[in-house]
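Chain and residue survey
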Amino acid sequence: MPTTTNKDYYALLGVKKTATPEEIRKAFRKAARKYHPDVNPGDKKAEEKFKEISEANDILSDEKKRKIYDQVGFYSDQIDPAQAEAYARQQNSGGRPPVDFGGFDFSGFQGGGGPGPQAGAGSSTWGSFKDIFSGIFSGAPDAQRPRGPQPGSDLEYQATVDFWTAIRGGPARLQIHRQEICPTCHGQAHTGGPMTCPECNGSGQVTQMGGRMKFNIPCPRCNGTGRVSNDCPTCHGEGTISKTETVEFRIKPGTRDGQRIRLQGKGNAGVNGGAAGDLFVIVRTGAHPVFTRTGDDIHITVPVTVPEASLGAKVDVPTIDGRAQLKIPPGTQSGQKLRMRERGVESASNAGQRGDQIVTVNVVVPHLQDERSKEIMRELAKLNSQDPRVTLFDKL
Ligand SMILES: [Zn+2]
Ligand SMILES: [Zn+2]
């Protein structure tokens, strides 16, 4: 009969038996960082090691469980703390312990459904690396696989569309990875009928060591039935497979940067008939060499000559619809902003509404080469002799 060996949880985490909860927590985090399946993709040894340290952490980080483990040599939810206490006292007094655990159901002995040594987990059932370190991780990622319909999770992706597609609308495509219903078992997770449990060879019992005692306990893999379902070879009992897919969708005219598009049912497939999740696409709009977009407004910087700025002029400026005439008022200063109403982007949310185009004027000062031009400029200075800096000194 196969024997489930006892594990030295302290040695697994590399801490002393007297370790404080803080030391245990630190040791687990350090080990988890090293062995987590996310950082060792496809490494079976690391995965096995990760299961072991997770199990050790599950027991040792819980004051009640740790005490029972210290007293009995293994942990089960079924052990009454008073019984464990009595057992430990017997051990310490040196006598052969007559304490009888026979009446207990040890079916849950793997740390209350924690990741046991026989748990057959696919990598997708692990909590993500992030989960452990944000403290959400409970230490039981593959405890009791749910039997009822489970809805698929939502997915979120970013898609960058070019400047013009965001304004005018158009088709876009995106490559995603999603969980899809397994084509072999059609999401049933198993194929054919149940088979003999490989853990207990169909006997329904395994031997557990407790100190110097041996216990026959119901096999944790098959819950003592001796039979387990035959996992589907394609999806390894998950019911879903990971697939890369290209999804096509339409960008509405006027789509803004950061806008979310919901594609119903394009998320991960559900299990056991559960509905598929949704795919959320966050649109990132591309840049343009001349135009800058803010919401529905378009910004542009336009160079203007000194005569145009001082005398006023009508100049052609680019807009997203092509050329348009802009009136520069006399006396326009460099940096001044002029608004061209409803020359911006057509709103995606409010039909018939358009943003504005905001023109920043950049007065270009000429480099005078010839004597005649310089003469004219000097004459101009004489005629307009006011000091533009005078107000600066007024405020000192
Ligand atoms: Zn399958
Ligand atoms: Zn079994």
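Residues numbered from 1 in each chain as written. Chains lettered and ligands numbered in written order. Predicted model: local features only at pLDDT ≥ 70, side-chain atom pairs only at ≥ 80, totals over all residues.

**Observations concerning the pairing of strand S10 (residues 279-285)**
Alternating positions in S10 separate cleanly, Leu279, Val281, Val283 and Thr285 being buried on one face and Phe280, Ile282 and Arg284 remaining unburied on the opposite face. By the bridge criterion, seven bridges tie strand S2 (residues 155-161) to S10 in an arrangement that is parallel. Within the sheet, the bridge partner assigned to Leu155 lies in S10 and is Leu279. Bridging between strand S9 (residues 260-263) and S10 involves four bridges; their strand directions are antiparallel. (Buried ≥ 20, exposed ≤ 12 C-beta atoms within 10 Å, placed from the backbone. Helix = DSSP H or I, 4+ residues; strand = E, 2+ residues; numbered from the N terminus. Pairing = 2+ DSSP bridges.)

**Some thoughts on the sheet that holds S9**
Taken together, three strands build an open sheet; the order of strands is S2-S10-S9 and the sheet is mixed. At either margin of the open sheet sits one strand with a lone partner, and together these are S2 and S9. Direction aside, the axes of adjacent strands within the sheet are offset by 30 degrees on average. (Axes fitted to C-alpha atoms, helices over the stretch in contact; angles between N-to-C directions.)

**Focus on the sheet that holds strand S12 (residues 297-305)**
If you walk across this open sheet you meet the four strands as S11-S12-S16-S15, and the pairing is mixed. On the outer flanks of this sheet lie strand S11 (292-294) and strand S15 (337-340), each paired with one strand and no other. The mean angle between the axes of side-by-side strands here comes to 35 degrees, regardless of whether they run parallel or antiparallel. Across four bridges, S15 lies against strand S16 (residues 357-364) in antiparallel orientation. Pairing of Leu338 across the sheet is with Val359, part of S16.

**Considerations on the confidence of the model for the chain**
Per-residue pLDDT for the chain averages 83, and the proportion of residues at 70 or more is 84%. Throughout residues 95-146 the model reports pLDDT below 50, and contacts reaching past four residues in sequence, or to other chains, amount to 95 contacts. (pLDDT = per-residue confidence, 0-100. Contact = placed C-beta atoms within 7 Å.)

**Digging into unusual backbone geometry**
Its identity as a non-glycine residue notwithstanding, Asn201 has a phi of 55 degrees, on the positive side. Structurally, Asn201 is set in the loop between strand S4 (195-196) and strand S5 (205-210). A positive phi angle, close to 55 degrees, is found at Glu342, a residue other than glycine. On the secondary structure map, Glu342 appears in the loop between S15 and S16.

**Some details on the environment of Ser347**
Note on placement: Ser347 falls in the loop between S15 and S16. Sequence-wise, Ser347 and Ile167 are 180 residues apart; in three dimensions their C-alpha atoms are separated by 9.0 Å.

**A closer look at the packing of helix H2 (residues 21-35) against helix H3 (residues 44-60)**
Close contact between H2 and H3 brings their axes to 9 Å; oriented N to C, the two are set at 165 degrees. If you check the angle between H2 and H3, you find them roughly antiparallel. Where H2 crosses over H3, the handedness of that crossing is left-handed. Where H2 approaches H3, its residues Ile24, Phe28, Ala31, Ala32 and Tyr35 are matched on the opposing element by Ala46, Lys49, Phe50, Ile53, Asn57 and Leu60. Of the residues belonging to the contact of H2 with H3, the class tally is nine nonpolar, one polar and one charged. (Parallel < 35°, antiparallel > 145°, perpendicular 65-115°, else oblique. Left-handed = near helix turned anticlockwise from the far one by under 90°. Nonpolar A, V, L, I, M, F, W, Y, C, P; charged D, E, K, R; others polar.)

**Section: H2**
Taking 1.5 Å per residue, 15 residues should reach 21 Å; H2 reaches 21 Å between its end C-alpha atoms and fits that length. Ile24, Ala27, Phe28, Ala31 and Tyr35 are the residues of H2 that are buried. One side of H2 carries all its buried residues, which in axial view fall inside an arc of 100 degrees. Away from the buried face of H2 by more than 90 degrees, exposed residues Glu22 and Arg33 are located. (Expected span 1.5 Å × (residues − 1). Arc of directions from axis to C-beta.)

**A word on the environment of Val228**
Checked against the element boundaries, Val228 lands in strand S7 (residues 227-228). You can call Val228 buried: it has 21 C-beta atoms within 10 Å. With 33 residues separating them along the chain, Val228 and Met195 place their C-alpha atoms 5.5 Å apart. Non-local contacts of Val228, meaning those with residues more than four positions away in its chain, are made with Pro194, Met195, Cys197, Arg221 and Cys222.

**What to know about the nonpolar core**
The biggest cluster of nonpolar side chains holds 20 residues, and the ones touching the most others in it are Leu13, Ile53, Tyr69 and Val72. In this view, Ile53 contacts Leu12, Leu13, Phe28, Ala31, Ala32 and Tyr35; residues no more than four positions away in its chain are not counted. Of all hydrophobic cores here, the second largest spans eleven residues; its members include Ala166, Ile167, Val281 and Ile320. (Core = buried A, V, L, I, M, F, W, Y, C linked by C-beta atoms within 7 Å.)

**Concerning helix H4 (residues 63-72)**
Every buried residue belonging to H4 is among Ile68, Tyr69, Gln71 and Val72, and all of these are buried. Buried residues of H4, seen end-on, are gathered within an arc of 165 degrees and therefore sit on one face of the element. Of the residues flanking the end of H4, it is Gly73, one or two places downstream, whose phi is positive at about 100 degrees.

**A closer look at the pairing of S12**
As paired elements, S11 and S12 share three bridges and run antiparallel to each other. Note on S12: the bridge partner recorded for Thr292 is His299. With eight bridges joining them, S12 and S16 adopt parallel strand pairing. Bridging across to S16, Val302 finds its partner in Val361.

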